[in-house]
Structures are given as structure tokens and as C-alpha cells.
Amino acid sequence: MNIRVHKFGGTSVATPELRTRVIHHIKQARAEKCALVVVVSAMGRKGDPYATDTFIEWIGQNGHSLSPREQDLLLSCGEIISASTLSSLLNEEGISNTVLTGGQAGIITNNKYTDAQIVTINPARVREELEQGNVVVLAGFQGRTTEGEVTTLGRGGSDTTATALGVALEAEVVDIFTDVEGIMTADPRIVEDASPLETVTYTEICNLAFQGAKVIHPRAVELAMQTNVPIRVRSTMSDHTGTLVTNIHEKDKVAGEVGERVITGITQMANVTQIKVAAKEGEYDLQFTVFKAMAENGISVDFISINPSGIAYTVYDHVAEQARDILRSLGFEPELHRSCAKVSVVGAGIAGVPGVMSRIAEALTEKDIQILQSADSHTTIWVLVKGDDMVNAVRSLHHKFDLHKAYI
Ligand code: ADP
Ligand code: MG
């Protein structure tokens, strides 16, 4: 059996016109004699009646006393509604199909409600349905614990459902259908002339996704990497096959003097607060005291920079007040810079290529953008800028590295 997994995101199943496109892609795969698992997200975005964001808002307004277990029961409904809607359309087309919840599909998770992780998959039921010639319409974003409790997988969870199934079924490809042409050199909502990438490696897209490119969830890519299941990120609206994600670079298609792409893309993450704590004369345990206090209070820290005169780090805006109060209670006088943004220049080829940092500095200086902090690894250079400068910073960097030229 040649098995394919198709995943359709929330915007891809939001309207009757779009759902017609979904049926079109399903028919296409059937014409190519593929057994098909179709993973769906909840329909639409915030404000749409059955969207995940709408359910989250509802819980915020009416469900204060719900335990995480009950919240997950509620949250899992969006995908079930979406899957059932699609099933009905397939019935009308005479395409035999079966709807399964994540639990019924054998997706077993830990019991970390609202952000559960898949521990194992038993795809026997899915295989059985496929062998009988049925399309399996699978509610994404959910699983069940070994005790049978319903769990959800957190943001981007349907991507994870799709690649996990792809791995378990040894699928020939996992198609992630979405509202853009593929993985692009920047978020097309910010950079108008962002170019679609024809191929990227798992590592490149993982780096992009971890740094804020929300086009695919990094956990989903990590899963696919385990068995090298190819992923294609593509548009529901077109028949182009989009971006192919594999472990192999098509060397002849990438630019750069060493035959490897230097920069893959620019990403951004908004709503972070920079916290600076100055060290007192002769004080060496500052960082230990501060980071221990953050950890004990469950505040995740990022962008850490330590030097003898003090430390600087970032937290999400929504925990900034809490972090400040903790630091004050320990006798520190922290300096907070709210609403900053982390902009990342990502590329597996950055390491050892001279001049990348100087071009970043040049691009930002040209636009009068102040760098509040910076850091680098062998695949990424991060700069922290004021939130108001974020869009300009991304655009300027994108242009400086010639990513608008569709050489890719
Ligand atoms: P879905 O509902 O299909 O899962 P998402 O909203 O999760 O869709 O992901 C698609 C969106 O990701 C696009 O509309 C785009 O704005 C955004 N995005 C961010 N960075 C990138 C990038 N580098 N390439 C493509 N899309 C990106
Ligand atoms: Mg998504």
C-alpha cells in the first residue's frame, strides 16, 4: 500500500469553497492509487464558531472552573466537527471514509493536558480502514492517555498528528496543506516579496520553526526526521507541490559559493521583555540566584547574556510583571524593557562564513534600528529590537541578504 497523509489546517477547511479544494486534493491522491489519511484542524480562526481559538475564548469567559482534563474534552470537539463535516462531503462524492478521533486512531500521549506529547502510536485500526479502501478522516491535535482520557497536543498539534501518523504508517509523503505556497524566506504577511523555498532540510525548517516561523510546528518536523518521511508544505488553493522537506539538499538548486545556502530565512517573535539586572561589586552568584528564582516560578528565560557587570535575558511579556516582582523580593532592582521582538537570521550555512554579522548590523543601522542585544549559534544569529522596529528589521534583513530574489 502506498500511504499518504494529507493535513489541512484551520484556514484550509474554513469555507465551503475551500472544502471543495480539499475534496479535489483527496480525489487527486485517490486517482494516483494512494491509501489516504486526511488529518484536519478545527475550522477557521478566532471568531469562527467551531475554531480552537473560539473554544479557548469560551473557556476564558465561561469555563474558569474547568479542570485541564475537562478543557481538553471541550477543545477536542473542534477537530471532530471538522472531520465529520469533511466526511459528509466525501459521502456525497461517493468516497468511502471513516472518521476517527486521535484516541481511536491509536495516538497515545502523556497526561500533560492541553499540551500533551505523543508517546506511542498504534496504527492498527487506521491500517485496517485503509486496507478496506476507506479514506481515514482523522481529527488532528488530539490523542488519549493509556487510561483512555482525551488529551490535546497544544498549538500546531495537527501538524504533529500528521507527521506522527506518517512515521507510524511509513507513509511515502506527508502533505501539509495551508494558506501559503510553501515555506518562505520570511512570513509573507510581513515581507511582501518573500520567496517560496523549493527544498529545505529538516534542520533548516526546524530552526526556522523554533525561531517563530509558525508555518509548521517544530515538534512535527523532529518526528518526521526520525524516519526521514518527506514532508511537503503546500497551498490548498493550488496544485503546486510547494516546499519539499527532506534530509537532502538539492545542491544544484541552492546558491552560495560553497554550494550551500548561507541564509534560509528571517523569522520574528514579538511580545518579549528584556530584563537587565546589574551586579554589585564582587557579586559572583547573581546569575545563579536569578535563574534559580525564575525556574522555581516556572518562568522560561531566553536570550541570556552574562557578563561581569550584570545579566540580561528575556521573558514573555505576559510574565514580565511576575518576574519583576520576584526579582524585587530578592532585593534586586531590575530594569525592564517591554514589548521587544526577537528577530532571527537563520541558515545552516552561517557558521564560518565571514561578514554575516556585519551585514546584519549594516541592514539595521541603515534603518536606524537599535540592537538591544544579540547572540549567535552555528545556525542562527538573533537580535533583540524594540517591538515597533520588528517589521522594518525583518524587511531590511530580508532585503540585505537578497532573499527576495527567487533563486531558491
Ligand atoms: P494552518 O492553519 O494551515 O496550520 P498556520 O497559520 O499555522 O496555518 O501557518 C501558515 C501561516 O504561517 C501563513 O499564513 C504565514 O503567515 C505563516 N508563516 C510564518 N512564517 C512563514 C514562513 N517562513 N513561510 C511561510 N509561512 C509562514
Ligand atoms: Mg498551523
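As shown above, the structure is provided for reference.
Note that the structure is a prediction, hence the values are computed from the model and not measured.

1. Observations concerning unusual backbone geometry
Although it is not a glycine, Asn271 adopts a positive phi angle of roughly 65°. Checked against the element boundaries, Asn271 lands in strand β13 (residues 265-278). Phi angles above zero are rare outside glycine, and Ser339 is one such case at about 50°. Summarising the element assignment, Ser339 is placed in strand β16 (residues 335-346).

2. Examining the environment of Gly355
Within the secondary structure layout, Gly355 lies in the loop between β16 and α11 (356-366). We classify Gly355 as partly exposed; its relative accessible area is 35%. Linking Gly355 and His399, residues 44 residues apart in sequence, is a C-alpha distance of 16 Å.

3. Looking at the site of ligand 1
Taken together, 19 residues sit near ligand 1, with Arg45, Thr178, Asp179, Asp187 and Arg189 positioned nearest. Side-chain polar atom of Thr178 to an oxygen atom of ligand 1: 2.7 Å apart, as the coordinates give it. At a separation of 2.9 Å, a nitrogen atom of ligand 1 approaches a polar backbone atom of Met184. Contact with the protein chains covers 93% of the free accessible surface of ligand 1, which is 570 Å².

4. Comments concerning the pattern of salt bridges
Within this structure, the stated rule accounts for 23 salt bridges. Notably, a salt bridge pairs Glu70 with Arg69, separated by 2.7 Å at the nearest N-O pair. Residue Asp175 pairs with Arg234 through a salt bridge whose shortest N-O separation is 3.3 Å. Taken together, the positions of Asp175 in strand β9 (residues 173-178) and Arg234 in strand β11 (residues 231-235) put the pair 59 residues apart, joining distant regions of the chain.

5. Comments concerning the side chain of Arg234
With relative accessibility at 7%, the residue Arg234 sits in the buried group. A polar atom in the side chain of Arg234 sits 3.3 Å from the side chain of Asp175. Excluding its chain neighbours within four sequence positions, the residues that come into contact with Arg234 are His25, Asp175, Ile176, Phe177, Thr178, Val180, Glu181, Asp239, His240, Thr241 and Gly242.

6. Observations regarding the pairing of strand β12 (residues 243-246)
Examined bridge by bridge, strand β10 (residues 199-201) and β12 share 3 bridges and lie parallel to one another. Residue Val200 lies in a different strand from β12, and its bridge partner there is Val245. Sheet topology note: the β11/β12 ladder contains 3 bridges and is antiparallel. From the neighbouring strand, Arg232 faces β12, where its bridge partner is Leu244.

The rules behind the values
Residues numbered from 1 in each chain as written. Chains lettered and ligands numbered in written order. Predicted model: local features only at pLDDT ≥ 70, side-chain atom pairs only at ≥ 80, totals over all residues. Heavy atoms only, no water. Helix = DSSP H or I, 4+ residues; strand = E, 2+ residues; numbered from the N terminus. Buried < 20%, exposed > 50% of the residue type's maximum accessible area, 1.4 Å probe, protein only. Near = heavy atom within 4 Å. Polar contact = N/O pair within 3.5 Å; in protein donor to acceptor, adjacent residues only side chain to side chain. Areas by Shrake-Rupley, 256 points an atom, 1.4 Å probe, with all protein chains shown as cover. Salt bridge = Lys/Arg side-chain N within 4 Å of Asp/Glu carboxyl O. Contact = heavy atoms within 4.5 Å. Pairing = 2+ DSSP bridges.

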